[in-house]
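Below, each chain spelled out in residue letters.
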Amino acid sequence: MSSLEDHDEQLALLCRQLPLLRRLHQGPVGAARGRIVEQAVRAARAGEPVAEHLVRLGLLAEDDEADTDGTDIRSSLPPAVADAGPHTVTGVHVCPRGVCARRERRRPDQELPVCEVFDVALRFDAES
């Protein structure tokens, strides 16, 4: 995986985990780690690398910074259509700024996914 793809995946990881990280590291007990969380957010917003912050938070192992596996489990193929009847629009919610690789499928009973880094809702990307 290229370093740009690593950076995208790391931003997606931060975005997905940010609400939990903020809850876990609030108040005086979590103040030190809370500062690391906010440093990671500032770095992400500025377009800077976040790997070091993720390692410090225990979300990324130091040797995971350079993934050499090269396997990609995502697919660009649309789902198969069984008949010609009406169908719902399928797709995923993606990073609103296009800076990370986060992709969330939303079930009807779920709230709209939010990018915690930039504090906006994820953008819906319909599959064609």
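Structure: see above.
What you are looking at is a predicted structure, and each value in this text was computed from that prediction instead of being measured. Residue positions are given per chain, counted from 1 along the sequence in the order it is written. The predicted origin of the model limits local features to residues at a pLDDT of at least 70 and limits the giving and counting of side-chain atom pairs to 80 or more, whereas totals for whole chains, interfaces and linings rest on all residues. With hydrogens and water stripped out, all remaining heavy atoms of the structure feed into the side-chain values.

A. Molecular detail of helix α2 (residues 31-45). End to end, α2 covers 21 Å across 15 residues, agreeing with the expected 21 Å (1.5 Å per residue, within 8%). The buried label goes to any residue with under 20% of its type's maximum accessible area, the exposed label to any with over 50%, and the partly exposed label to all in between, with areas taken from a 1.4 Å probe on protein chains only. Here a strand is any run of E in DSSP of at least two residues, a helix any run of H or I of at least four, and the numbering for each starts at the N terminus. Listing the buried residues of α2 in full gives Gly-34, Ile-36, Val-37, Ala-40, Val-41, Ala-43 and Ala-44. The contact definition used throughout considers only heavy atoms, calling two residues in contact when any of these lie within 4.5 Å. Looking at the buried residues of α2, the elements they touch are α1 (3-24) and α3 (51-56). Remark: Gly-47 follows α2 within two positions and exhibits a positive phi of approximately 80°. Expected helix span is computed as 1.5 Å times (number of residues minus one).

B. Fine view of the nonpolar core. Nonpolar core, defined: a set of buried Ala, Val, Leu, Ile, Met, Phe, Trp, Tyr and Cys residues in which side-chain atoms within 4.5 Å join the residues together. In this structure, Leu-14, Leu-18, Ala-44, Val-50, Leu-54, Cys-115 and Val-117 are the most contacted members of the largest nonpolar core, which totals 24 residues. Every residue in contact with Ala-44, bar those within four places of it in the chain, is listed here: Leu-11, Leu-14, Val-50, Val-117 and Phe-118.

C. A look at α1. In this model α1 runs 29 Å from its N-terminal to its C-terminal C-alpha over 22 residues, within 8% of the 32 Å that 1.5 Å per residue would give. At Leu-18, α1 is bent by approximately 55°, the largest bend along its length, and proline Pro-19 sits one to four residues beyond. Residues Asp-6, His-7, Gln-10, Leu-11, Ala-12, Leu-13, Leu-14, Cys-15, Leu-18 and Leu-21 constitute the buried set of α1. For α1, the elements touching its buried residues are α2, α3 and β3 (114-115). Bending is quantified residue by residue as the angle between axes fitted to the seven-residue window ending at that residue and the seven-residue window starting at it.

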